[in-house]
Amino acid sequence: FSVTYGRNSSWIFFCEEDTRIQVVKLLETLRRFDESKEWFLGKALYDEESTIIHHYAFAENPTVFKFPDFAAGWALSIPLVNKLAENLKSEPLKSDFTIDLKHEIALYIWQKGEGPHLTPVPEFCTDDVNSYKVDHCATTFSNFLPLCGEPVKKEDVFVAVKTCRKFHGDRIPVVKQTWEREAALIEYYSDYADISIPTIDLGIPNTDRGHCGKTFAILERFLNHSSPRTSWLVIVDDDTLISIFRLRKLLSCYDPNEPVFLGERYGYGLGTGGYSYITGGGGMVFSRKAVQKLLASKCRCYSMDAPDDMVLGMCFSGLGIPITHSPLFHQARPMDYPKGYLSHQIPVSFHKHWNIDPVKVYFTWLASNAEESLNGKKVEYNREDL
């Protein structure tokens, strides 16, 4: 952008595919700022408590650091774009994990206090275009779950739950109380066959680190033992909370005859030619074609306890099959994301039961109705508490 637009433009404005822009209002808003100076503009998000997805940044008071909500759009003045381009020449990006671009780019621009903070702009909004609040807004956001036709049928989605014996008693009952009933085809894979659940022992011992061996065994079983008419495989952890109902809507936008690998995308070493991968906790979704292509290749686990999601990322990268990111899958709990970010989302999944009531989280964030019946009683929870 610096090379292409650095001489003749004043601003670079970034947005998402569902961001709606009032161009005249946007130009009026940008004119308030001196384009000869370094500006980083956006709708400000912040963490209310330090969180693993931001590497526990600003642990003493995470609210002090603001980063942009990409859905509202964000802007860089050309002097700042040129400066960042120069910085990249002298110091390439580090080769480590990329988890949340909006936070990481704000950190990069801030440069430990030497660069600009994000300047909040009230005209950059994420309210729905039909909301009464949007008269002053230069941008709005379409707040809906993508739907590209009829939701895929229940029988088209096979759900594989990874578990192990030590979690049969506490995690599996949560699945059965919440989202299991949404899945027509579901199996639980463990290191121990427990007929009361029931679980299937794949003959792979449980490991404390990665679960690559178990995941590849699940992929083989799906290809060899499920109906060829079942187009989609979803692999989740036993502490993943997921809406299969919403996922079926989302999958209407993808062609199962293509090799699709869908979920929340993380990156490893992207600044030095690394690879993207779908993070496992939020759920990994495969088209049957993607599983066929993967298993037809020679790409396999370098050890049984390798991180399965990263190995899959390496494999698909080597096969030239792109990772498909959806921000509706979440590797962490609702409290690990800014409230302003989740307020315009219809999430598909969250992950981890740590310090939360997972049943409440499911019925608050993921159940198909705002109110759901739990043990025969109507329940309604406040998202602010979760």
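Just so you know, these numbers come straight off a predicted model, no measurement behind them. Throughout, a residue's number is its position along its own chain's written sequence, starting from 1. With pLDDT at 70 or above as the cut-off, local features in this predicted model cover only qualifying residues; side-chain atom pairs require 80 or more to be listed or tallied, and sums for whole chains, interfaces and linings still use all residues. Only hydrogens and water are set aside; all other atoms, that is, all heavy atoms of the structure, feed into the side-chain values.

**A short note on the packing of aromatic side chains**
Logical step 1: We call Phe, Tyr and Trp rings a pair once their centres come within 6.5 Å, taking the six-membered ring for Trp, and we label the pair stacked below 30 degrees between planes, edge-to-face above 60, and tilted otherwise. This model, assessed by the stated rule, comprises 22 aromatic pairs.
Logical step 2: Seen from their ring centres, F261 and F316 are 4.6 Å apart, and the 35° between their planes marks the pair as tilted. One end of the pair, F261, is in strand β15 (residues 261–263); the other, F316, is in helix α9 (residues 308–319), and 55 residues separate them in sequence. Residue F261 shares its accessibility class with F316, and that shared class is buried.
Logical step 3: Three or more aromatic residues joined by ring pairs form one cluster here, namely F1, Y5, F14, F40, F70 and W74.
Logical step 4: Over the ring of F222 we find R288, and its NZ or CZ is 4.3 Å from the ring centre. Every helix listed is a DSSP run of H or I at least four residues long, and every strand listed is a run of E at least two residues long, numbered separately from the N terminus. The buried label goes to any residue with under 20% of its type's maximum accessible area, the exposed label to any with over 50%, and the partly exposed label to all in between, with areas taken from a 1.4 Å probe on protein chains only. Either the NZ atom of lysine or the CZ atom of arginine qualifies as a charge over a ring when it sits within 6 Å of the ring centre and within 35 degrees of the ring normal.

**Considering the UniProt feature "domain: Fringe-like glycosyltransferase" (unreviewed entry) in the protein**
Logical step 1: UniProt positions are given in the numbering used here, feature names are shortened, and annotations may be inferred rather than shown by experiment. The UniProt entry lists residues 7–89 and 151–361 under the feature "domain: Fringe-like glycosyltransferase" (unreviewed entry), expressed in the numbering used here.
Logical step 2: Taken end to end, residues 7–89 is 24% helix and 22% strand, and its first and last C-alpha atoms sit 19 Å apart.
Logical step 3: Along residues 151–361 the backbone is 27% helical and 21% strand, and the end-to-end C-alpha distance reaches 24 Å.

**As for the sheet that holds strand β10 (residues 157–162)**
Logical step 1: In this analysis, strands are considered paired if DSSP registers two or more bridges between them. Within the open sheet, the seven strands sit side by side as β12-β11-β10-β13-β18-β15-β19. Their pairing is mixed. Of all strands in the sheet, those with a lone pairing partner are β12 (199–201) and β19 (324–325), marking the two edges.
Logical step 2: The strands that helix α6 (residues 212–225) touches are β10, β11 (185–190), β12, β13 (232–237) and β18 (284–287); relative to β13, the one it contacts most, it runs at about 155°. Two residues form a contact once any of their heavy atoms are found within 4.5 Å. Helix axes use the C-alpha atoms of the stretch in contact, all axes being lines fitted to C-alpha atoms, and the angles between their N-to-C directions lie in the range 0 to 180 degrees.

**Points about the sheet that holds strand β7 (residues 97–98)**
Logical step 1: Overall, antiparallel pairing links the three strands, which are arranged β7-β16-β17 in an open sheet. Because the sheet does not close on itself, it has two edges, and the strands there are β7 and β17 (275–278).
Logical step 2: Bridge count between β7 and strand β16 (residues 265–268): two bridges; the pairing is antiparallel. Bridging from a neighbouring strand, T98 pairs with G267 of β16.
Logical step 3: Contacts from α9 reach β7, β16 and β17, with the element oriented near 125° to β17.

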